[in-house]
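Listed below are the residues making up each chain.
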Amino acid sequence: MTHFTPKTTKFAPFLAIFALFCLIFAIFSNTACSKSSVSEPDQMIAFAKRNNINYTKDPSGLMYEIINPGSGTKPRSTSRVSAAYEGKFMNDKTFETSPTPIDFSLNGVIQGWTIGLQLIAPGGEIKLIIPSSLGYGPSDYNSIPGGSPLYFDVKLAAIKTY
């Protein structure tokens, strides 16, 4: 009967280093993705303070500051509009931006936008701090982790249809 005896290879030190690297990566990846221990309202208030946003709080929980009210008629919840925007997490990291206005229906976007954009007219600008309940909720959406409050700076270019 033949016995197999493993031989020490010249790759053993590299495998040990690789395993250690994988372990460290797994620990730090889990830490980076973990939820904040700070409550969502506290995160939103801290973001507003840090970014000098003098917000008004809507009964829905939306926090907003109208930078420029614009002029003319304000959109309705069913309007098709054109807007440019920048979206950030509460840690100030930008997750999405559209410096050129894009067209969309207000009833086809997150509730925070539907509520907020009805507060300004074309040419207007609004800062929105949106609780997760008016954003993407508890589920992940693309690069946005579930339960994330979000910030948007939105410039309403036009109302396409009411």
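Residues numbered from 1 in each chain as written. Predicted model: local features only at pLDDT ≥ 70, side-chain atom pairs only at ≥ 80, totals over all residues. Heavy atoms only, no water.

### Looking at the side chain of Ser 79
So, point 1. Relative to the elements of secondary structure, Ser 79 occurs in the loop between strand E2 (63-68) and strand E3 (80-89).
So, point 2. Taking the relative accessible area as the measure of exposure, Ser 79 reaches 0% and is therefore buried.
So, point 3. Of note is the side chain of Ser 79, whose polar atom sits 2.8 Å from the backbone nitrogen of Arg 76.
So, point 4. Leave out the neighbours within four places in its chain, and Ser 79 touches Phe 104, Ser 105, Leu 106, Ile 159, Thr 161 and Tyr 162. (Helix = DSSP H or I, 4+ residues; strand = E, 2+ residues; numbered from the N terminus. Buried < 20%, exposed > 50% of the residue type's maximum accessible area, 1.4 Å probe, protein only. Polar contact = N/O pair within 3.5 Å; in protein donor to acceptor, adjacent residues only side chain to side chain. Contact = heavy atoms within 4.5 Å.)

### Side note on the pairing of E3
So, point 1. Counting buried positions over the 10 residues of E3 gives eight, a clear majority of the element.
So, point 2. Bridging between E3 and strand E4 (residues 94-105) involves eight bridges; their strand directions are antiparallel. From the neighbouring strand, Glu 86 faces E4, where its bridge partner is Thr 97.
So, point 3. In this antiparallel pair of consecutive strands, E3 and E4, the connection spans four residues, and Asp 92 shows a positive phi of 75°. (Pairing = 2+ DSSP bridges.)

### Re the sheet that holds strand E1 (residues 56-57)
So, point 1. Overall, antiparallel pairing links the six strands, which are arranged E1-E2-E5-E6-E3-E4 in an open sheet. In this open sheet, the two strands that pair with only one neighbour each are E1 and E4.
So, point 2. Two elements, E3 and strand E6 (residues 150-161), share 10 bridges in a ladder whose sense is antiparallel. Bridging from a neighbouring strand, Tyr 85 pairs with Val 154 of E6.
So, point 3. Helix H2 (residues 40-50) rests against E2, E3, strand E5 (125-130) and E6 of the sheet, and its axis sits at about 145° to E5. (Axes fitted to C-alpha atoms, helices over the stretch in contact; angles between N-to-C directions.)

### Some words on the nonpolar core
So, point 1. Grouped together as the largest cluster of nonpolar side chains are 23 residues, with contacts concentrated most on Trp 113, Leu 117, Leu 128, Ile 130, Phe 152 and Val 154.
So, point 2. Looking at this core element by element, the count peaks at five residues for E6.
So, point 3. For Phe 152, the contacting residues outside a window of four places in its chain are Tyr 85, Glu 86, Gly 87, Phe 95, Ile 110, Trp 113, Ile 126, Lys 127, Leu 128 and Ile 130.
So, point 4. In this structure, Ala 48, Met 63, Met 90 and Tyr 151 belong to the second largest nonpolar core, which totals eight residues. (Core = buried A, V, L, I, M, F, W, Y, C linked by side-chain atoms within 4.5 Å.)

### Thoughts on the environment of Pro 41
So, point 1. Of note, Pro 41 is situated in helix H2.
So, point 2. Residue classification places Pro 41 among the partly exposed positions, given a relative accessible area of 45%.
So, point 3. Residues Pro 41 and Pro 149 lie 108 residues apart in sequence; the distance between their C-alpha atoms is 8.6 Å.

### Points about the packing of aromatic side chains
So, point 1. This model, assessed by the stated rule, comprises eight aromatic pairs.
So, point 2. Ring geometry for Phe 95 against Phe 152: centres 5.7 Å apart, planes inclined by 85°, an arrangement best described as edge-to-face. Of this pair, Phe 95 sits in strand E4 while Phe 152 is found in strand E6, placing the two residues 57 residues apart along the sequence.
So, point 3. A residue is classified by how much of its surface remains accessible, and Phe 95, at 16% relative accessible area, is buried.
So, point 4. Here the aromatic residues Tyr 85, Phe 89, Phe 95, Phe 104, Trp 113 and Phe 152 are joined through ring pairs into a cluster of three or more. (Phe/Tyr/Trp six-rings, centres within 6.5 Å; stacked < 30°, edge-to-face > 60°.)

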